[in-house]
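Here are the chains, one letter per residue:
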Amino acid sequence: MTTISAAELAPRIDLAVTAVEGVRECYSARPVVARAIEHVADVEGSLAEVEETGGARAITVCIGVSSDDDAAVVAAAVATAARGAGDDEVPSSVRVRVARLVAPRS
């Protein structure tokens, strides 16, 4: 099976995360410097951060969850979706940063 690169995987993770029920917002988990360079170069980057080291991946995703939703349940579903976005067997750890939104879901 072919390994998916971090650059190919990040947009897949973005799509998978936005499809999870309970996710109200997605925020960039990538470093400010990377986003600034993309802004100057007028290139659109992904929101998920994917780092590959030593044959494993570290994925970070930032989401916003309504005060009406169970943040732990939504975060677990997001982690599962992020792991499932890659079709390869590379071990992945997923960190989900959750922001609690004050406004109720619409």
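Relevant structure appears above.
Analysis parameters
Residues numbered from 1 in each chain as written. Predicted model: local features only at pLDDT ≥ 70, side-chain atom pairs only at ≥ 80, totals over all residues. Heavy atoms only, no water. Helix = DSSP H or I, 4+ residues; strand = E, 2+ residues; numbered from the N terminus. Buried < 20%, exposed > 50% of the residue type's maximum accessible area, 1.4 Å probe, protein only. Areas by Shrake-Rupley, 256 points an atom, 1.4 Å probe, with all protein chains shown as cover. Pairing = 2+ DSSP bridges. Right-handed = clockwise from strand over helix to strand, strands pointing away. 1 Å grid on protein atoms, 1.4 Å probe; cavity = no way out; pocket = protein on both sides within 12 Å on 5 of 7 lines; lining within 4 Å. Points joined across faces, edges and corners; volume = space filled by probe spheres on them. Salt bridge = Lys/Arg side-chain N within 4 Å of Asp/Glu carboxyl O. Expected span 1.5 Å × (residues − 1). Arc of directions from axis to C-beta. Contact = heavy atoms within 4.5 Å.

**Q** What am I meant to see in the overall build of the chain here?
**A** In terms of helices and strands, the chain carries 3 helices and 4 strands. Written out in order from the N terminus, the α and β elements of the chain read α-β-α-β-β-α-β. Burial statistics for the chain: of 106 residues in total, 37% are counted as buried. Within the structure as shown, the chain displays about 6,400 Å² of accessible surface, and the carbon and sulfur contribution to it stands at 55%.

**Q** What should I look at first to understand the pairing of strand β4 (residues 92–101) in this one?
**A** Taken residue by residue, a regular strand's side chains alternate between the two faces of the sheet. Direction of pairing for strand β3 (residues 56–66) relative to β4: parallel, over a ladder of 10 bridges. Paired with Val61 across the bridge in β4 is Val96. After leaving β3, the chain enters helix α3 (residues 71–84) and then returns to the sheet as β4, a path that is right-handed.

**Q** Help me out: how do you make sense of empty space enclosed by the protein in this one?
**A** The gaps left among the atoms become clear once a water-sized probe is rolled over them. All told, the structure shown has 1 cavity of 30 Å³ or more when counted by the stated rule. Considered as a void within the structure, the largest cavity measures approximately 30 Å³ in volume. Taken together, Asp14, Val17, Thr18, Cys26, Leu47, Ala48 and Val61 make up the full set of residues lining the largest cavity. The element contributing the most residues to the lining of the largest cavity is helix α1 (residues 6–18), with 3 residues.

**Q** Explain the pattern of salt bridges to me, please; I cannot follow it from the model alone.
**A** Two side chains bearing opposite charge may form a pair once their charged atoms approach each other closely. Per the stated rule, a full pass over the model turns up 2 salt bridges. For Glu52, the salt bridge is made with Arg57, and the minimal N-O distance between the two is 3.3 Å. Judged by relative accessible area, which is 42%, Glu52 ranks as partly exposed.

**Q** Is there a simple way to think about α1 in this case?
**A** Side chains that are three or four residues apart share a direction in an α-helix, a result of its 3.6 residues per turn. Here α1 is 13 residues long and its end C-alpha atoms lie 18 Å apart, about the 18 Å a rise of 1.5 Å per residue gives. For α1, the full list of buried residues reads Ala6, Leu9, Ala10, Ile13, Asp14 and Val17. Along the axis of α1, the buried residues cluster in a sector spanning 145°; they form a single face. Where α1 is buried, its residues touch β1 (23–27), β2 (49–53), β3 and α3.

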